[in-house]
Amino acid sequence: MPEKMERDRAALDALCSETVLAHVAAFVEGQAIAMPTAFGVFDDRIVIHGSTGSRWMRALQEHEASVSITRATGLVVARSMFESSMWYRSAVVFGRFSPVPTEEHDSLLTRFTERLLPGRSAETRPSTRKEIAATMLLAMPTERWSLRVSEDMPDDEPSDVAGDAWAGVIQLGQSVTGVLPAPDLRPGIEAPGSVAAFARAPHGLL
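## Focus: the nonpolar core
V24, I46, I48, L60, V67, I69 and F97 are the most contacted members of the largest nonpolar core, which has 24 residues in total. For this core, the elements supplying multiple residues, two or more each, are α1 (9–17), β2 (21–28), β5 (45–51), α2 (55–60), β6 (65–77), β7 (85–95) and β9 (135–141). Of all hydrophobic cores here, the second largest spans nine residues; its members include F42, V100, L108 and L109.

Dropping the structure here:
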């Protein structure tokens, strides 16, 4: 379905800004795997993070990989099961991950935190050198990519349209459904500004 292909780079950037979850696929030790992980796009690079002891993270530096990013925004309810589908925007980025340069590591780790929860880095203690040293940041250039967009109404046969079955789209959205304090949180400590703002804002990060 070539009509679903989208070649506008701005559309890719918009998709990446609306979700923090990606799946990274690669061959690791002879086995095909797809790992879900948080990501961000910084300076035209997809950036992921993990433990320096992660075999998966180390293996990504040795092989070509692909990153899949998807937002499902609706269920297309057609008059037949055959024509039923989904509304979605889905991109796959191809390339190889490499370590983020040392001089960028600390600042990019902060930017990554802010990507997930804006304002949070100012509310916590600074990371220790040990914590920073234990965190690996990998980056892949966003140069080779494919983006598909499906946002059509049901395309039913005329004979089905003439029938009595309902057809349309159930729109899907994501919002914060609750904020749960940690069980060991001391009494009197309220949710900080970053959490309160995130909970109020309409968004769909997953």
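## Points about the layout of surface pockets
Put simply, the largest pocket is a space of about 310 Å³. Taken together, 13 residues form the lining of the largest pocket, with T110, T113, R125, P126 and S127 sitting closest to its centre. Secondary-structure elements contributing two or more residues to the lining of the largest pocket are α3 (102–116) and α4 (129–133). The dominant element in the lining of the largest pocket, judged by the number of residues it contributes, is α3, at four residues. Grouping the amino acids of the lining of the largest pocket by side-chain chemistry returns three nonpolar, six polar and four charged. Looking at the second largest pocket, its volume works out to about 260 Å³. Of all the elements, β7 adds the most residues to the lining of the second largest pocket, at three residues. Along the lines of polarity and charge, the residues of the lining of the second largest pocket split into six nonpolar, two polar and five charged.

Criteria and cut-off values
Here the residue numbering is sequential within each chain, running from 1 through the sequence in written order. For this predicted model, a pLDDT threshold of at least 70 governs which residues receive local features, and a threshold of 80 or more governs which side-chain atom pairs are given and counted, while totals over whole chains, interfaces and linings are taken from all residues. Computation of side-chain values covers all heavy atoms of the structure but excludes hydrogens and water. Residues grouped as a nonpolar core are buried Ala, Val, Leu, Ile, Met, Phe, Trp, Tyr and Cys residues, joined through side-chain atoms within 4.5 Å. Partly exposed residues are those whose accessible area sits between 20% and 50% of the maximum for their type, while under 20% is buried and over 50% is exposed, using a 1.4 Å probe and protein chains only. Secondary structure counts use DSSP, requiring at least four H or I residues in a row for a helix and at least two E residues in a row for a strand, with both numbered from the N terminus. Lining residues are defined by having an atom within 4 Å of a point belonging to a cavity or pocket. Those points lie on a 1 Å grid over the protein atoms alone, cavities being sets where a 1.4 Å probe fits but cannot get out and pockets being open sets with protein on both sides within 12 Å along at least five of seven lines. Grid points are joined across faces, edges and corners, and a volume is the space filled by probe spheres set on the points. Three classes are used, and their members are as follows: Ala, Val, Leu, Ile, Met, Phe, Trp, Tyr, Cys and Pro are nonpolar, Asp, Glu, Lys and Arg are charged, and the others, Gly among them, are polar.

None of the figures reported here should be taken as evidence of function without further support.
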